[in-house]
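Topology and contacts: notes
Now for the letters of each chain:
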Amino acid sequence: MLIGGLHAGRISLSSLRLDHTGGNFAEDALERLREYGIFYCPSWLEEPVLESVRQEFELAFSEVRNTDPAQLTDEGKVPVSRYGRTRTGAQLRFDNDAEFVNRLPISRAIFSQDWMADLAGSYLGIPCTLNRHIILTDDFDPDQEIIPHHFDEMNALKFYVCLDDIDRENGPFQAIPGTTEPTSRLRVNEWLRHEKFDDVRQRVFEQHNEEVIHALYGQFKATLRSRELTFQVPAGSLLVFDTDTVHRAGLLSPGRRRRIIRASSYRGIWP
Ligand SMILES: [Fe+2]
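Quick caveat, the model's predicted, so the values are computed rather than measured.

Some remarks on the environment of Glu206
With respect to the element layout, Glu206 can be found in helix α7 (residues 204-207). Look at Glu206 and you get exposed, because its relative accessible area is 52%. Residues Glu206 and Ala156 lie 50 residues apart in sequence; the distance between their C-alpha atoms is 22 Å.

Put into structure tokens, the structure is as follows:
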């Protein structure tokens, strides 16, 4: 006898939506991260700041456009380099250093706010390293999926800002809330087995079988996937998530574009 239906325990999008100007924001943000691994703030950046960030983004890409981007690795992973190809576009990666300050001063200010430091410290523990890496992503080559369900090899707390309106057809961020803790165990196990970045099997549904998924998550793949949420959000929206929360970026239709800036914070002192 089955007790409870397919939707039992499913999380709603509205329960993850927070107003960053609200009085209980700090407490609510921490609670959502601990419980679900993710929350979001619609229209977190507004004009004219949002337009200024877009201009920094465009300028940064224009400065490297005549250089050759690094290509995907043999395992299909995005290269760790300044300017690289992805399957559906290109990315620019910065360290949070003097060069980043000089070239993207507004973005730097946006990713250095006190509340982010407080949240990172509370969630990751102290010491931690706030927004150590900042990645600008421009997706424009259509595909059924920008990146499939995965966890990031190096666990991070990510602050992810959308520079375009996001709908179902320009690579919406999609996540399965509440999967953070079991995915963490999968990630650590992968590192213990393989010890190499490129060998970590990060594609949760493609690279792990039904039995492993059920052992970890208490659900088979179809049920787990049915709990996915799609974040269709206006430009300027902020998503904050633990990268152990199973996530992906979805369909990119022909003629569509998706620009994102995301920053990664880590446990401990990241040199
Ligand atoms: Fe990711």
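Next comes the rest of the description.
What about helix α2 (residues 49-62)?
End to end, α2 covers 20 Å across 14 residues, agreeing with the expected 20 Å (1.5 Å per residue, within 8%). Every buried residue of α2 is accounted for by Leu50, Val53, Arg54, Glu56, Phe57, Ala60 and Phe61. Taken down its axis, α2 places every buried residue within 160° of arc, on the same side.

Some words on the side chain of Arg132
Relative to the helices and strands, Arg132 is located in strand β4 (residues 128-139). We classify Arg132 as buried; its relative accessible area is 16%. Polar side-chain contacts of Arg132 include one of 3.3 Å to the side chain of Asp95. Excluding anything up to four places from it in sequence, Arg132 contacts Phe94, Asp95, Asn96, Ser264, Tyr266, Trp270 and Pro271.

Describing the environment of Leu163
Mapped onto the elements of the fold, Leu163 is located in the loop between β6 (157-162) and β7 (173-175). The exposure class of Leu163 is buried, given its relative accessible area of 0%. With 33 residues separating them in the primary sequence, Leu163 and Leu130 have C-alpha atoms 21 Å apart. Other than its neighbours up to four places away in sequence, Leu163 contacts Leu50, Val53, Arg54, Phe57, Ala235, Arg259 and Ile261.

What counts, and at which threshold
- Residues numbered from 1 in each chain as written.
- Predicted model: local features only at pLDDT ≥ 70, side-chain atom pairs only at ≥ 80, totals over all residues.
- Heavy atoms only, no water.
- Helix = DSSP H or I, 4+ residues; strand = E, 2+ residues; numbered from the N terminus.
- Buried < 20%, exposed > 50% of the residue type's maximum accessible area, 1.4 Å probe, protein only.
- Expected span 1.5 Å × (residues − 1).
- Arc of directions from axis to C-beta.
- Polar contact = N/O pair within 3.5 Å; in protein donor to acceptor, adjacent residues only side chain to side chain.
- Contact = heavy atoms within 4.5 Å.

Geometric values such as these leave the question of function open.
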